[in-house]
Amino acid sequence: MTAPAAPPATMNDAVAAYHDYLAERLVELRGHALTLRANIGNGAVTAAMQAWLDAQQTWQRVGAAYGSFGDLGDAIAPGSRGLDGGAESPDFKGLRRIEYGLWHGQGAGELIPVVDKLLEDIAALEAKLPETAVEPSDMPLRLHEILEDAQRDHLSGRGDQGSGLALALARADVEATQEVLEVLRGLLENLKAGFPARLDAELAAVAAAIDATQRDDAWADYAKVPRDERQAVNAALGRALESLSLVPALFSTD
Amino acid sequence: MQIQRRSFLIGAGGAAAGGLLAATAAHAESEAPSAPAASSDVVDFLGANQAGVYRPAAQQQHACFAAFKVLSRDAAELRSLLQKLTVKAGILGGGHKANEALPASELTGVTGAPPINSGIMGEDIPTAGFTMTLGLAGSLFDNPAYGVAAKKPKGLTDMKVFPKDQIDQEWTGGDLILQLCADSSDMVHYALRDIMKATRGQLQLQWKINGFHNRPRPDGAPRNLFGYKDGIVNPAQDEKLVWLGKDSGQPAWAEGGTFMVVRIIRMLVEFWDRVGLGEQDGMIGRHRGSGAPLGQDKETDAPDYASDPKGETIPLDAHIRLANPRTKETAGSRMLRRGYNYELGVDLNGNLQAGLIFASFQQNIQEQFEATQTRLANEPMTDYIEPFGGGYFFVVPGVQKEGGFLGEGLFA
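Residues numbered from 1 in each chain as written. Chains lettered and ligands numbered in written order. Predicted model: local features only at pLDDT ≥ 70, side-chain atom pairs only at ≥ 80, totals over all residues. Heavy atoms only, no water.

Novice: Would you mind going over the overall build of chain A in detail, with residue names and values included?
Specialist: In terms of helices and strands, chain A carries 10 helices and zero strands. Element order for chain A, N to C, with α for helix and β for strand: α-α-α-α-α-α-α-α-α-α. With respect to the principal axes defined by its C-alpha atoms, chain A has extents near 55 × 45 × 35 Å. Here chain A, with 254 residues, has 54% of them falling under the buried criterion. Partitioning the intrachain contacts of chain A with sequence separation of at least 6 by distance along the chain shows that 74% fall at a separation of at least 24. In the form shown here, chain A has an accessible surface area of approximately 9900 Å², with 50% of it arising from carbon and sulfur atoms. Mean positive and mean negative side-chain charge positions of chain A (22 and 39 charges, respectively) differ by 4 Å. (Helix = DSSP H or I, 4+ residues; strand = E, 2+ residues; numbered from the N terminus. Buried < 20%, exposed > 50% of the residue type's maximum accessible area, 1.4 Å probe, protein only. Contact = heavy atoms within 4.5 Å. Areas by Shrake-Rupley, 256 points an atom, 1.4 Å probe, with all protein chains shown as cover. Lys, Arg positive; Asp, Glu negative; His and termini not counted. Charge placed at Lys NZ, Arg CZ, Asp CG, Glu CD.)

Following this line, the structure appears as structure tokens:
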């Protein structure tokens with residue numbers, strides 16, 4: 001996390017701090033994508049899977065999953081929804097396409113072009129980040145909706161392309177949410193005293209419930225996680241989402 | 001998702017924004033649900049016993065059976081959960097006009113927050129004969145975090161697996177059940193959604209199933225999905241087979257409660273429809289058309305087993321004969337049945353997944369439900385049914401006065 005020593009006092013400061021955070025994540029993302037390309041090229045499947053997870057988690061930490069960077073962001077990790085043929089469609093691109101390939105026995109011939117396109121898209125997003133400024137009005141929505149996406153896409157199982165790593169991705173979404181909370185903390189505290197602390201506790205509970213599903217520090221296949229452990233995650237996440245849903249209203253001027 | 005769904009305070013420092021916090025809790029004083037206006041379809045929430053068992057006398061047309069895992073961390077949280085559920089039962093059962101005050105506990109205190117209610121029922125929430133019936137499973141009493149082991153009613157075991165059962169773990173378990181009944185399916189959905197939103201984090205659905213109650217065709221008891229009138233014979237309240245009384249031998253707090261058995265029973269309706277009427281009648285022991293016991297005219301006629309010792313009129317293994325042999329020895333094993341039919345998509349073999357949500361209420365699961373089920377173990381009808389889910393629960397006593405709450409006796 002890159003939280004400043006004192007929380008930003010204005011929304012403009014918050015957005016600026018968030019931009020710094022994003023720029024660092026994109027550099028990381030590019031590094032993971034390069035590692036991914038090398039591993040796929042070498043036929044090192046297990047290492048490629050790890051590099052994919054690192055890249056996808058970094059993208060989750062960007063917190064852009066719901067399209068806040070427009071087409072540039074959408075190109076990085078779109079799902080297969082809306083594609084004729086779903087994951088088999090030639091139009092399916094990006095990180096989730098690479099996940100699909102790695103977990104369905106595909107190799108360099110099929111995946112290197114996808115990674116190359118991904119690297120181009122990352123470079124384009126990095127280049128345009130200064131002018132693709134995050135809208136200040138987007139920040140409260142982001143605080144709420146990154147975890148809505150985690151529930152909709154990851155914990156539903158519907159976004160999975162074969163890795164079964166829904167919990168790892170949701171965990172990164174928690175971190176993304178914590179980062180946004182960090183930059184909005186001062187503003188939010190002024191709007192509703194004590195509310196950031198409540199969110200801290202609820203987000204920590206989500207993180208703890210997700211971490212409790214790990215075995216020997218490794219992520220379990222989400223489909224095989226026992227129901228009582230899923231219930232603990234879902235309950236904590238549901239509680240946090242109810243609280244987070246108040247954030248846009250708190251910042252609203254309507 | 002629309003990104004720009006409203007305008008935001010941009011660049012504002014903190015102090016200026018304080019005024020936005022004006023709470024909407026204009027009616028903060030009244031915590032308890034207000035008494036519902038008199039209406040023909042209001043089922044009183046208050047009473048020595050919970051509603052949804054004998055009240056209303058004619059069961060509602062729609063139901064949801066929702067079993068939850070309870071995630072409360074300690075007794076204090078459990079208590080507050082039960083209080084919340086009590087408030088919800090009162091408000092939902094009493095109906096609610098859009099211009100009436102809600103208890104402060106129902107409000108977010110944030111201007112412009114998402115609506116408190118889902119809008120499914122429109123602005124004014126009708127009563128629709130709504131009842132919420134709350135039951136607790138043995139697992140809740142066994143959870144050391146709550147310290148209520150000594151309050152566990154005797155006989156509240158896990159659901160017994162009978163010889164022909166095919167139990168699917170996805171359809172069993174849960175620490176707490178809500179039976180939500182109303183005369184419209186949208187009210188049942190509304191209530192469940194409302195309750196879940198209010199208890200997010202403390203209750204997590206374990207399994208749930210919705211049911212419907214058929215209209216009488218043409219009259220009398222409604223028909224089940226085998227086409228037979230079902231629930232014709234139910235013990236009256238004054239036969240004292242349902243509520244725990246003073247001398248039940250149960251923990252004192254349990255007086256006024258009852259045990260609930262829920263069994264989700266798949267009915268192989270395609271197979272059943274390929275069986276001749278005579279064989280169907282013989283398996284049930286009643287005429288399909290009239291509902292009368294075989295050899296009789298009316299559904300309310302009592303079967304005459306004494307003059308049919310060899311089962312020439314009503315086979316000895318007919319469902320009604322095994323379930324209720326009408327002897328002195330078996331009279332005490334009768335129970336109140338209040339089930340619902342369900343439909344649930346398509347089975348792998350292309351057949352309808354449909355059947356019965358069997359729900360019974362009794363003082364003693366072992367001596368009533370299990371004794372009856374044991375007699376039924378090898379009835380011919382077992383070829384056509386497959387119980388696959390459900391559970392045993394203790395329906396806690398009713399709330400007798402405003403300010404009380406369901407399960408209050410656990411903490412006394």
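Novice: Please give an account of the overall build of chain B that cites residues and values.
Specialist: Summing up its helical and strand segments, chain B has seven helices and nine strands in all. Here the C-alpha atoms of chain B give a radius of gyration of 24 Å, agreeing with the 22 Å that 2.2 N^0.38 yields for 412 residues. In terms of its C-alpha atoms, chain B occupies a principal-axis envelope of roughly 90 × 50 × 40 Å. In chain B, buried positions account for 51% of the 412 residues. (Rg over C-alpha atoms; globule rule 2.2 N^0.38 Å.)

Novice: Residues and numbers for the nonpolar core, please.
Specialist: In terms of nonpolar packing, the biggest core is built from 79 residues, with Trp59 and Leu184 of chain A touching the most fellow members. For this core, the leading source of residues is helix H7 (residues 166-191) of chain A, giving 14 residues. Sequence-distant contacts of tryptophan 59 of chain A, that is, excluding residues within four places in its chain, are made with Leu26, Leu29, Ala64, Phe69, Gly73, Ile76, Ala77, Leu95 and Leu125 of chain A. Judged by nonpolar contacts, the second largest core, of 65 residues, contains Ala128, Leu176, Tyr228 and Met283 of chain B. (Core = buried A, V, L, I, M, F, W, Y, C linked by side-chain atoms within 4.5 Å.)

Novice: For helix H6 (residues 138-155) of chain A, give the residues involved together with the corresponding values.
Specialist: Residue and element names in this part refer to chain A. Between its first and last C-alpha atoms H6 spans 24 Å; for 18 residues at 1.5 Å apiece the expected length is 26 Å, and the two agree. Helix geometry: H6 is bent most strongly at histidine 144, by close to 35 degrees. Of the residues trailing H6, glycine 157 is marked for its positive phi of about 80 degrees. (Expected span 1.5 Å × (residues − 1). Bend = angle between axes of the 7 residues up to and from the residue.)

Novice: Go over the environment of valine 242 of chain B, please, and point to the residues and values.
Specialist: Residues and elements named next belong to chain B. Within the secondary structure, valine 242 is located in the loop between strand S4 (203-212) and strand S5 (258-267). Counting along the chain gives 31 residues from valine 242 to aspartate 273, while the straight-line C-alpha distance between them is 35 Å. In this structure valine 242 touches Val53, Tyr54, Gly257, Thr258, Leu336, Phe361, Gln362 and Gln363, once residues within four positions along its chain are discounted.

Novice: Before we move on, can you summarise the packing of aromatic side chains with the specific residues and values?
Specialist: Residues and elements named next belong to chain B. This model, assessed by the stated rule, comprises 17 aromatic pairs over all chains. Ring geometry for phenylalanine 141 and tryptophan 253: centres 6.2 Å apart, planes at 40 degrees, overall tilted. Of this pair, phenylalanine 141 sits in helix H2 (residues 138-142) while tryptophan 253 sits in the loop between S4 and S5, and the two are 112 residues apart along the sequence. The exposure classification of phenylalanine 141 matches that of tryptophan 253, with both residues buried. (Phe/Tyr/Trp six-rings, centres within 6.5 Å; stacked < 30°, edge-to-face > 60°.)

Novice: Tell me about the pairing of S5 of chain B, and please be specific about residues and values.
Specialist: Residues and elements named next belong to chain B. In terms of burial, S5 is largely enclosed, as 10 of its 10 residues are buried. As paired strands, S5 and strand S9 (residues 385-395) are joined by 10 bridges and run antiparallel to one another. When the sheet's bridge partners are listed, valine 262 is paired in S9 with glycine 391. The pairing of S5 with strand S8 (residues 352-362) spans eight bridges and is antiparallel. When the bridges of S8 are listed, methionine 260 appears paired with phenylalanine 361. (Pairing = 2+ DSSP bridges.)

Novice: Tell me what's going on with the pairing of strand S7 (residues 340-346) of chain B, and back it up with residues and numbers.
Specialist: The sheet contact formed by S7 of chain B and S8 of chain B spans five bridges and is antiparallel. In the strand pairing of S8 of chain B, glutamate 343 of chain B is matched with alanine 354 of chain B.

Novice: Residues and numbers for the environment of arginine 185 of chain A, please.
Specialist: Residue and element names in this part refer to chain A. Examined against the element boundaries, arginine 185 turns out to sit in helix H7. Residue arginine 185 is classed as buried on the basis of its relative accessible area, which comes to 18%. C-alpha of arginine 185 to C-alpha of tryptophan 52: the two residues are 133 residues apart in sequence and 32 Å apart in space. Among all residues touching arginine 185, those that are not within four sequence positions of it are Pro7, Pro196 and Asp200.

Novice: If you had to explain the layout of surface pockets to someone new, which residues and values would you point to?
Specialist: In this model, the second largest pocket occupies a volume close to 680 Å³. Listing elements by their share of the lining of the second largest pocket, those giving two or more residues are helix H8 (195-211) and helix H9 (227-244) of chain A together with helix H1 (75-94) and helix H3 (185-198) of chain B. For the lining of the second largest pocket, the residue count by class is eight nonpolar, seven polar and 11 charged. (1 Å grid on protein atoms, 1.4 Å probe; cavity = no way out; pocket = protein on both sides within 12 Å on 5 of 7 lines; lining within 4 Å. Points joined across faces, edges and corners; volume = space filled by probe spheres on them. Nonpolar A, V, L, I, M, F, W, Y, C, P; charged D, E, K, R; others polar.)

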